[in-house]
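What follows is each chain in one-letter form.
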Amino acid sequence: MSADSSSPQILPGATLGVLGGGQLGRMFCVAARTMGYRVIVLDPDPLCGAGHISDVHIQAEYTDQAALESMAKQCDAITLEFENIPSESVRFIADKTIVYPVAESLEIAQNRDIEKQFAQKAGLRPVPYAAILSEKELQQAADDVGFPAILKSNTLGYDGKGQFVVNDVAELESAFEQVGKVDCVLEKKINIRCEVSAIVARNANAEMANFPVSENQHRNGVLHLSIVPARVSEEITKLAIENASILADAMSYVGILAVEFFVSEDDVLYFNEMAPRPHNSGHYTKDACVTSQFEQQVRMMCGLKPGDTRLMSPVVMVNMLGDLWLPNWADIFAQNNIKLHLYGKPEARPGRKMGHFNVLAEDVESALVVAEGVFSKLSDS
Ligand code: ADP
Ligand code: MG
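Residues numbered from 1 in each chain as written. Chains lettered and ligands numbered in written order. Predicted model: local features only at pLDDT ≥ 70, side-chain atom pairs only at ≥ 80, totals over all residues. Heavy atoms only, no water.

K.L.:
Even after reading the chapter, I still don't get the sheet that holds strand β1 (residues 15–19), so can you show me in this structure?
P.N.:
What holds strands together in a sheet is hydrogen bonding between their backbones, with the strands either parallel or antiparallel. Sheet architecture is open: 5 strands sit in the order β3-β2-β1-β4-β5, paired in parallel fashion. Each end of this open sheet is capped by a strand with a single partner; those strands are β3 (56–58) and β5 (98–99). Note: strand β4 (residues 77–80) against β5, 2 bridges, orientation parallel. The residue bridging Ala77 from the neighbouring strand is Ile98, located in β5. Contacting β1, β2 (38–42) and β4, helix α1 (residues 23–34) crosses the sheet at an angle of about 170° to β1. Sheet strands in contact with helix α10 (residues 293–301) are β1, β4 and β5, and its direction is about 140° off that of β4. (Pairing = 2+ DSSP bridges. Helix = DSSP H or I, 4+ residues; strand = E, 2+ residues; numbered from the N terminus. Contact = heavy atoms within 4.5 Å. Axes fitted to C-alpha atoms, helices over the stretch in contact; angles between N-to-C directions.)

Below is the structure:
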């Protein structure tokens, strides 16, 4: 790409904005401020974790046009911490300042049916599924997909919310009722050997980088731990990165794109879903990679070159949920190879993500022993 067709670079001293001030917004703020940018966060919660770190916290709803306008005026570029920011809000600020990812990318990632169709067209292999738009389609979907299956609401699902495992048509009918008869997908329940995710970064000049593939273990639909390098074949690793890169290119995506996959017991890589932002399964990059996913997010929105994504150490990331509060901090600090990250949330609720820790060791097996040991003591306390 010639120099004159490159998008302009936004450099330290400029002001960056983030829509959403939870843990992802907060870690973005830390990275941006470390790199010398001013940061403005917009979030309706007066106590949001990013508010403690940002230069300015605009406390407003994501649909508040006056607040969005004021933010856009002050920011050289804006990004988002999660995909459920209304895309109309993103469109509204897009003609006032730079916003990445763009509304079109968001709209794909906000809807499971659209996202799967997009992935399929791009040549990826989604889990076999059927779209359900009304009660009349339940029987047909059941016939097409078979049981066991998982019913998922098309929009607004995260951490396993809005999902039901169903074993027959009667269960499917009652799940559809429970989910409020909204648009859904019915997915075949895959016999999973393991889950992996691939995170790629792409800037407006189409320069790309990928982080090492992570192996992810879930509990009750929520990420429990990530293991890097993933313990899967080189073919699966390569295919996951290739798939994520294809998706990013197909959307002309700008920003961080995280793609989740299932590896089935017969070693097929299925596309599960994508997130147009840094991802929980990429938190290991904060301590184990040359460039973290949050620094990379800053680089991508600012039109800078992607930073080196090299893994400097095997690592296991463990999520800390509100169920375990208060943890026994001494157990964590008794280990000299644990890096603790807390999100500054004032109140611990069951299932709420309060923080995570990364265990760095010579190999993933030793890191896992320490991670599991410390985690099991946390849950005793
Ligand atoms: P969320 O948006 O809540 O992350 P996911 O679709 O990723 O929703 O589902 C959460 C978890 O539930 C997955 O990581 C996986 O462990 C399990 N799961 C989801 N869909 C399937 C499926 N089709 N087959 C087997 N397990 C699944
Ligand atoms: Mg998921």
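K.L.:
Where do I start with the site of ligand 1 in this structure?
P.N.:
The full set close to ligand 1 counts 21 residues, and Lys152, Gly160, Gln163, Glu195 and Glu273 are the nearest of them. For ligand 1, an oxygen atom lies 2.8 Å from a polar atom in the side chain of Asn272. Relative to its unbound accessible area of 540 Å², ligand 1 is 89% covered by the protein chains. Of all the secondary-structure elements, those providing two or more residues to the shell around ligand 1 are β7 (149–153), β9 (184–188), β10 (192–202), β14 (255–264) and β15 (269–275). Here the shell around ligand 1 is built from residues that sort into 6 nonpolar, 6 polar and 9 charged. Taken domain by domain, the shell around ligand 1 gets at least three of its residues from each of domain 2 (128–188) and domain 3 (192–380). (Near = heavy atom within 4 Å. Polar contact = N/O pair within 3.5 Å; in protein donor to acceptor, adjacent residues only side chain to side chain. Areas by Shrake-Rupley, 256 points an atom, 1.4 Å probe, with all protein chains shown as cover. Nonpolar A, V, L, I, M, F, W, Y, C, P; charged D, E, K, R; others polar. Domains from an automatic or database assignment.)

K.L.:
Whenever I open this one, the domain arrangement of the chain confuses me. Can you help?
P.N.:
One frequently used descriptor of interface size is the decrease in accessible area upon assembly of the parts. In terms of domains, the chain is made up of domain 1 (15–109), domain 2 (128–188) and domain 3 (192–380). Computed over C-alpha atoms, the centres of domain 1 and domain 3 are 22 Å apart. Contacts between the two partners involve 28 residues from domain 1 and, on the opposite side, 26 residues from domain 3. For the pair domain 1 and domain 3, the two sides together bury roughly 2,300 Å², of which 70% comes from carbon and sulfur. The largest per-residue losses of area from domain 1 upon contact with domain 3 belong to Gln23, Met27 and Tyr100, which jointly make up 26% of the total buried on that side. Scanning the region where domain 1 abuts domain 3 turns up 1 salt bridge. The salt bridge partner of Arg277 is Glu83, with a shortest N-O separation of 2.5 Å. Across the domain 1-domain 3 interface, the total number found is 2 residue pairs in polar contact (both at pLDDT 80 or more). Elements with a contribution of two residues or more to the side of domain 1 that touches domain 3: β1, α1, β4 and α4 (103–109). Among the residues forming the side of domain 1 that touches domain 3, the class breakdown is 19 nonpolar, 6 polar and 3 charged. (Buried area = accessible area lost by both parts, 1.4 Å probe. Salt bridge = Lys/Arg side-chain N within 4 Å of Asp/Glu carboxyl O.)

K.L.:
Any chance you could explain the coordination of the magnesium ion (ligand 2) here in plain terms?
P.N.:
For a metal bound by four donors in tetrahedral geometry, the ideal donor-metal-donor angle is 109.5 degrees, whereas six donors in octahedral geometry ideally sit at 90 or 180 degrees. Coordination of the magnesium ion (ligand 2) by the protein is provided by Glu260 (OE), Glu260 (OE) and Glu273 (OE), with metal-donor distances spanning 1.9 to 2.7 Å. Of this pair, Glu260 sits in strand β14 while Glu273 sits in strand β15, and the two are 13 residues apart along the sequence. Using a relative accessible area of 13% as the deciding quantity, one classes Glu260 as buried. (Donors = N, O, S within 2.8 Å, 3.2 Å for Na, K, Ca; no water. Buried < 20%, exposed > 50% of the residue type's maximum accessible area, 1.4 Å probe, protein only.)

K.L.:
Honestly, the packing of aromatic side chains in this entry has me stumped. Any pointers?
P.N.:
The relation between two aromatic rings is expressed through the spacing of the ring centres and the mutual angle of the planes. Inspection of every chain in the model, using the stated rule, returns 2 aromatic pairs. Judged by centre distance (6.0 Å) and plane angle (65°), the ring pair of Tyr62 and Phe82 falls under edge-to-face. Of this pair, Tyr62 sits in the loop between β3 and α2 (65–74) while Phe82 sits in the loop between β4 and α3 (87–94); the two residues are 20 residues apart in sequence, bridging distant segments of the chain. Ring centres of Trp325 and Trp329 lie 5.7 Å apart, and the angle between their planes is 85°; this geometry places the pair in the edge-to-face category. Here the basic side chain of Lys96 rests over the ring of Phe92, its NZ or CZ set 3.8 Å away from the ring centre. Above the plane of the ring of Tyr129 lies Lys116, whose end atom (NZ or CZ) is 5.5 Å from the centre. (Phe/Tyr/Trp six-rings, centres within 6.5 Å; stacked < 30°, edge-to-face > 60°. Lys NZ or Arg CZ within 6 Å of the ring centre and 35° of its normal.)

K.L.:
Just to check I follow, could you spell out α3 for this structure?
P.N.:
Helical geometry note: an α-helix holds 3.6 residues per turn, so side chains three or four residues apart project in the same direction. For α3, every residue scored as buried is listed here: Ser87, Ser89, Val90, Phe92 and Ile93. On its buried face, α3 is in contact with β1, α2, β4, β5 and α4.

K.L.:
Just checking my understanding: could you explain the environment of Leu156 for this structure?
P.N.:
By the secondary structure assignment, Leu156 is in the loop between β7 and β8 (163–166). Its relative accessible area of 58% is what places Leu156 among the exposed residues. Expressed as a C-alpha distance, the spacing of Leu156 and Asn111, which sit 45 residues apart in the sequence, is 8.1 Å. Setting aside chain neighbours within four positions, we find Leu156 in contact with Asn84 and Gln110.

K.L.:
How do you make sense of the packing of α2 against α3 when you look at a structure like this?
P.N.:
Put simply, α2 and α3 touch, their axes get as near as 10 Å, and they point 45° apart. Of the possible angle classes, the one that applies to α2 and α3 is oblique. Viewed along their axes, α2 and α3 form a crossing whose handedness is right-handed. Together, Gln65, Leu68, Glu69 and Ala72 of α2 and Ser89, Phe92 and Ile93 of α3 make up the contact between the two elements. Its residues assigned to classes, the contact of α2 with α3 comprises 4 nonpolar, 2 polar and 1 charged. (Parallel < 35°, antiparallel > 145°, perpendicular 65-115°, else oblique. Left-handed = near helix turned anticlockwise from the far one by under 90°.)

K.L.:
Looking at this structure, I do not really get the side chain of Thr79. What am I missing?
P.N.:
Relative to the helices and strands, Thr79 is located in strand β4. Among residues more than four places away in sequence, those in contact with Thr79 are Gly17, Val18, Leu19, Phe28, Tyr100, Pro101, Gln297 and Met301.

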